[in-house]
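Here is how the chains run, residue by residue.
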Amino acid sequence: MQDTENFRAETRAWLEANCPPAMRQPLTQEQIVWSGSTVKFANDDQRVWFERMRDRGWFAPDWPAELGGGGLAPKQARIVEQEMLRLACRPPQFNLGVWMLGPVLLELGTEAQKREHLPPMMEGRMRWCQGFSEPNAGSDLASLKTSARVDENGDFVVNGSKIWTSYGDAADWMYALVRTDTTVKKQQGISFVLIDMKSHGVTVKPIELISGKSSFCEVFFDDVRVPARQLIGPLNGGWTVAKKLLQHERAAMSKFSEGAAPSHDALAVARPYLYDEDGTLLEPVWRDRLAALLMDSHAFSLTHQRVKEEGMARMDISGPSSIMKLVQTEQEVAKYELLTQLMGQRGLSWEGSEFSADEHDICRLWLLAKTYTISGGSSEVQLNIIAKRVLGLPG
Ligand SMILES: Cc1cc2nc3c(=O)[nH]c(=O)nc-3n(C[C@H](O)[C@H](O)[C@H](O)COP(=O)(O)OP(=O)(O)OC[C@H]3O[C@@H](n4cnc5c(N)ncnc54)[C@H](O)[C@@H]3O)c2cc1C
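Residues numbered from 1 in each chain as written. Predicted model: local features only at pLDDT ≥ 70, side-chain atom pairs only at ≥ 80, totals over all residues. Heavy atoms only, no water.

## Comments concerning empty space enclosed by the protein
- Under the criterion given, the structure shown has three cavities of 30 Å³ or more.
- Met-23, Leu-27, Gln-31, Val-33, Gln-46, Trp-49, Arg-90, Pro-91 and Pro-92 together form the lining of the largest cavity.
- Per-class residue counts for the lining of the largest cavity are six nonpolar, two polar and one charged. (1 Å grid on protein atoms, 1.4 Å probe; cavity = no way out; pocket = protein on both sides within 12 Å on 5 of 7 lines; lining within 4 Å. Points joined across faces, edges and corners; volume = space filled by probe spheres on them. Nonpolar A, V, L, I, M, F, W, Y, C, P; charged D, E, K, R; others polar.)

## Considering the side chain of Ser-35
- Following the sequence through the fold, Ser-35 ends up in the loop between helix H1 (2–18) and helix H2 (44–56).
- Polar side-chain contacts of Ser-35 include one of 2.3 Å to the side chain of Gln-93.
- Leave out the neighbours within four places in its chain, and Ser-35 touches Phe-50, Gln-93, Phe-94, Asn-95, Gly-124, Met-126 and Arg-127. (Helix = DSSP H or I, 4+ residues; strand = E, 2+ residues; numbered from the N terminus. Polar contact = N/O pair within 3.5 Å; in protein donor to acceptor, adjacent residues only side chain to side chain. Contact = heavy atoms within 4.5 Å.)

## Some points on the packing of helix H9 (residues 318–343) against helix H10 (residues 362–372)
- With their axes 9 Å apart at the nearest point, H9 and H10 run at an angle of 155° to one another. Between H9 and H10, the crossing angle belongs to the class labelled roughly antiparallel. When you trace H9 past H10, the crossing you get is left-handed. In this structure, H9 uses Lys-325, Thr-329, Glu-332, Val-333, Tyr-336, Glu-337, Leu-339, Thr-340 and Met-343 to contact H10, whose residues at the interface are Ile-362, Leu-365, Trp-366, Ala-369, Lys-370 and Tyr-372.
- When the residues that make up the contact of H9 with H10 are grouped by side-chain class, the tally is nine nonpolar, two polar and four charged. (Axes fitted to C-alpha atoms, helices over the stretch in contact; angles between N-to-C directions. Parallel < 35°, antiparallel > 145°, perpendicular 65-115°, else oblique. Left-handed = near helix turned anticlockwise from the far one by under 90°.)

## A look at the pattern of salt bridges
- All chains considered together, the criterion is met by 21 salt bridges.
- As a salt-bridge pair, Glu-83 and Arg-8 come within 2.9 Å of each other at their nearest N and O atoms. Of this pair, Glu-83 sits in helix H3 (residues 74–86) while Arg-8 sits in helix H1, and the two are 75 residues apart along the sequence. The pair formed by Glu-83 and Arg-8 is uniform in burial state, with each residue classed as buried.
- Between Arg-78 and Glu-81 there is a salt bridge, with the nearest N and O atoms lying 2.8 Å from each other. (Salt bridge = Lys/Arg side-chain N within 4 Å of Asp/Glu carboxyl O. Buried < 20%, exposed > 50% of the residue type's maximum accessible area, 1.4 Å probe, protein only.)

## Describing the site of the ligand
- Neighbouring the ligand are 15 residues, the closest being Ser-133, Ser-139, Trp-164, Ser-378 and Glu-380.
- In the model, an oxygen atom of the ligand is placed 2.7 Å from a nitrogen or oxygen of the Ser-133 main chain.
- In the model, an oxygen atom of the ligand is placed 2.7 Å from a nitrogen or oxygen of the Glu-380 side chain.
- Out of a free accessible area of 970 Å², the ligand has 63% covered by protein chains.
- Of all the secondary structure elements, the ones that give two or more residues to the shell around the ligand are strand E3 (156–166) and helix H11 (379–390).
- Counting residues per element, the shell around the ligand draws most heavily on E3, which supplies three residues.
- Its residues assigned to classes, the shell around the ligand comprises four nonpolar, ten polar and one charged. (Near = heavy atom within 4 Å. Areas by Shrake-Rupley, 256 points an atom, 1.4 Å probe, with all protein chains shown as cover.)

In structure tokens:
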């Protein structure tokens, strides 16, 4: 107990001394630092915060120190998270490698695979993208067709294409699902491989979105050679690996409510619309809707904390991770719908209007919130998983 309290006090002191004040302000879309070989910092505070957390191994506090992690016990790692939350520290970096692939490699990778991929991930030198979805394989992911033929040396030759690959044009590596057997049940003929995006035969095409920006890409593979050592798990055993990875993706997405992704403080945005300057309540109906939203959100964060601790205690949280992803992303949509309605026309303004600091980017994040209910498996698909795995209902 004493040790825990000492560790908490030390952590708090270190964060207070090392997290620049500007890095304790709410995160906006533009201020995200994506790790990778082309990592960019908009200012010195971002760079300093990134480097200090990296050097302490706190991009992943509970990973082994010899692989670049912090080497902390799960309980201590949770304290680091709690203290970061308490001080409103921004995540020093966004990194699909650390959030999703890393935990899978730690569990299923060979020693050589861990040594090749984890340290660069932990140093923020490698950016990963996810090559799962294909034009006819989204929710029905097991229908994917991108093929990998095993050649005479045991290496893979990959052909086909992926779609909706977020930031595929900025990634150094892709973790991908490929078909390695067409003669068996579709889930049993899939393998999980790591592909260097600089490999000969990889072409990346950004997909233009209505916003004019593009985060999505199509990725084409034309006889791309992938060394045998980049197979994770057994040949044709990729479906099990993917399911584990998706659990980590859902867990990462359900963490968004803890300030890990750009979001708004609903109360701060709503307050000027609900009260006049003397503090008189103007809109009791809106106030009630907001109170219901805040209570749901508080209940979610307590449940989230419990599920997280169950995960650390090595309990099976595969069912809860779907529930958390579903509830968090739907709550985020509900929050932005309420705020945009409350703000009236201002809530739909995109550019050129004068917003208060609290209102900035509401419309963009309202639209973005909707995408979270699709990525990582849509809400309907999560409901199917919950019905089957948690409630035990027939398929
Ligand atoms: C922001 C964002 C980022 C993404 N990034 C990536 C990425 O980096 N890499 C990657 O591989 N993919 C990525 N995706 C793709 C994402 O995984 C798919 O969009 C998602 O799995 C849904 O597949 P789909 O788009 O093919 O829709 P479909 O599967 O065609 O679904 C269409 C609709 O039908 C519903 N539906 C489908 N099947 C069922 C069912 N059995 N029961 C009930 N309803 C059903 C769905 O819920 C949805 O409403 C991303 C998507 C988004 C929105």
